[in-house]
Amino acid sequence: MTRVLNGIFPPRTLLLVMSEALLVAMTLRTAIFLLGDETGLRLEGGNVLLRIAVASAVCLLCLHYFDLYDSSILANSREIGVRLIRVVGAVCLVLAVVYYKYPDVGLDFRSFIGGMVLVAILLAIWRRLFFALSRAAGMAEKVLLLGDGSLATSLATELERRPQLGVKLVGYVSGSPSPSRGVNGLRNLGAVEQLTEVVESRQIDRVVVTMTDRRGALPVGALLRLKARGVLIRDGAELYESVTGKVLVGSIRASSLLFTSRSQVSQGTLLLKRSLALVLSLVALLISLPIMGLVALLIWLDSGAPVIFRQTRIGKDGKPFTLYKFRSMRNGADAGGPRPAQPNDPRCTRVGGWLRHSRLDEMPQPYNILRGDMCFVGPRPFVPEQEEECQQQIPLYAQRWCVRPGATGWAQVSRGYCQSVEDNTEKLGYDLFYIKNMSMGLDTLILFETIKILLWGRGAQ
């Protein structure tokens, strides 16, 4: 796995991005050479590279915004074909607007149309070839799991769901003397004492340690000897985080949050984050004032006062604060206590349903950020009753209170809306991953993903 902006991405996905960037640029360059009219020919001595770079950047952004680098989509060849068609249409629309506004960066008509057709065809062919090579047995990394507990089962499930990682799970070695319960249909290749023999006979490239209880059971000597011979050794919990972008809550130890070097955030970073939050929240409030005035008027005309909805949420260090939103539900909708929103919730007003779908009900929240109750990025704050229930039922839940809550967060862009304790347990895994890897780079990545979600209107309730 490779870190970009402190987010973790599979190397093959990054290779796919770079190869497709090169393919798009070379295709457009070829289209200019073969199909360019006098304008295209003059580009040879002018800003041809700038024009190709603009068109290529728009193509890659559209590929990203249609989730064509998302792990769950990469494994579905039919879905890839449908989305590639949408990408080409979106690229044409976006570039038409860009070329109208900035004609100096535009391609001539014949090069543009011919280039887009070639790009669509070659991207479809390249994707099939790329994943055929990725799945080839000779190119797949042979992986052996050392352990047969819940971590091994969860990790095996996630790896098998992501063939683009180029990982072939050969089997597992039981980490305990008791009979194995099995690991996701994988073969039990022996006991821990046979680790070296199994690795050598199966020509294993990487051993992933997934033993839950390692005290006195971890074969340190055998692992060190294998490492000296070139076999890669990887911690299972760390690999799970790299693959999924979340922490496996049931197997994490508090010490792993305490001693990881990435969880140490400098005072300078915290100061910079707070300074940017102050400036950006103030600018956001000033820019959005006319829109907020119009929204407030619509709410008042539709269902009367109050326009602003106030609700107690739990913030940093478990301290309560008042969250401000535009009211989207009928007055007294939560009289019997707060309840999670449902799809097509009958408590929503006519204007409120539209506000929730477009996320405009969240517009007053920069005021909370300006006050210091929240940041732009962080774990999403819940009401005290929900927080107390989750704290009692989910291990390490209170750890998410060690940072300021956010208007958006890694859990929001990765998991979506939660309604049950099980949902919140998984969502906590994303929150703990964010806390362990918190940085300005990861915040930037989350904001970028949030914009994509807002544009497509996903996850609204």
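Worth saying up front: this structure is predicted, and the values here are computed from it rather than measured.

1. Focus: the pattern of salt bridges
Here is step 1 of the chain: The full count for this structure, using the stated rule, is 15 salt bridges.
Here is step 2 of the chain: Residues Lys 316 and Asp 317 are paired through a salt bridge, measuring 3.5 Å at the closest nitrogen-oxygen approach.
Here is step 3 of the chain: Salt-bridge contacts for Glu 362 lead to Arg 380; the nearest nitrogen and oxygen are separated by 3.1 Å. Of this pair, Glu 362 sits in the loop between α13 (350–358) and α14 (365–371) while Arg 380 sits in the loop between β10 (375–377) and α15 (384–393); the two residues are 18 residues apart in sequence, bridging distant segments of the chain.
Here is step 4 of the chain: Classification of Glu 362 as partly exposed rests on a relative accessible area of 23%.

2. Notes on the sheet that holds strand β7 (residues 232–235)
Here is step 1 of the chain: The strand order across the open sheet formed by five strands is β5-β4-β3-β6-β7, and the pairing between neighbours is parallel. Two strands in the sheet have a free side with no partner beyond their single neighbour: β5 (188–191) and β7. Neighbour-to-neighbour, the strand axes of this sheet turn through a mean angle of 30°, independent of strand direction.
Here is step 2 of the chain: Strand direction decides the pairing type here: strand β3 (residues 141–146) and strand β6 (residues 206–209), joined by four bridges, are parallel. Among the inter-strand pairings, Leu 144 is bridged to a residue of β6, identified as Val 207.
Here is step 3 of the chain: Where helix α7 (residues 150–160) meets the sheet, it contacts β3, β4 (167–174) and β6, and its direction lies at approximately 165° from that of β4.
Here is step 4 of the chain: Sheet strands touched by helix α8 (residues 195–202): β3, β4, β5 and β6. Its angle to β3, the strand with the most contacts, is close to 165°.

3. A word on a nonpolar patch on the surface
Here is step 1 of the chain: Taken together, the side chains of Phe 109, Ile 113, Val 117, Leu 118, Ile 121, Leu 122 and Ile 125 make up a nonpolar region of the molecular surface, amounting to roughly 630 Å² of accessible area.
Here is step 2 of the chain: You can see Ile 113 is positioned in helix α6 (residues 109–135).
Here is step 3 of the chain: Given the relative accessible area of 36%, Ile 113 is considered partly exposed.

Conventions we followed
Residues numbered from 1 in each chain as written. Predicted model: local features only at pLDDT ≥ 70, side-chain atom pairs only at ≥ 80, totals over all residues. Heavy atoms only, no water. Salt bridge = Lys/Arg side-chain N within 4 Å of Asp/Glu carboxyl O. Helix = DSSP H or I, 4+ residues; strand = E, 2+ residues; numbered from the N terminus. Buried < 20%, exposed > 50% of the residue type's maximum accessible area, 1.4 Å probe, protein only. Pairing = 2+ DSSP bridges. Axes fitted to C-alpha atoms, helices over the stretch in contact; angles between N-to-C directions. Contact = heavy atoms within 4.5 Å. Patch = residues over 30% accessible without salt bridge, like charges linked within 9 Å, V, L, I, M, F, W, Y side chains within 5 Å. Areas by Shrake-Rupley, 256 points an atom, 1.4 Å probe, with all protein chains shown as cover.

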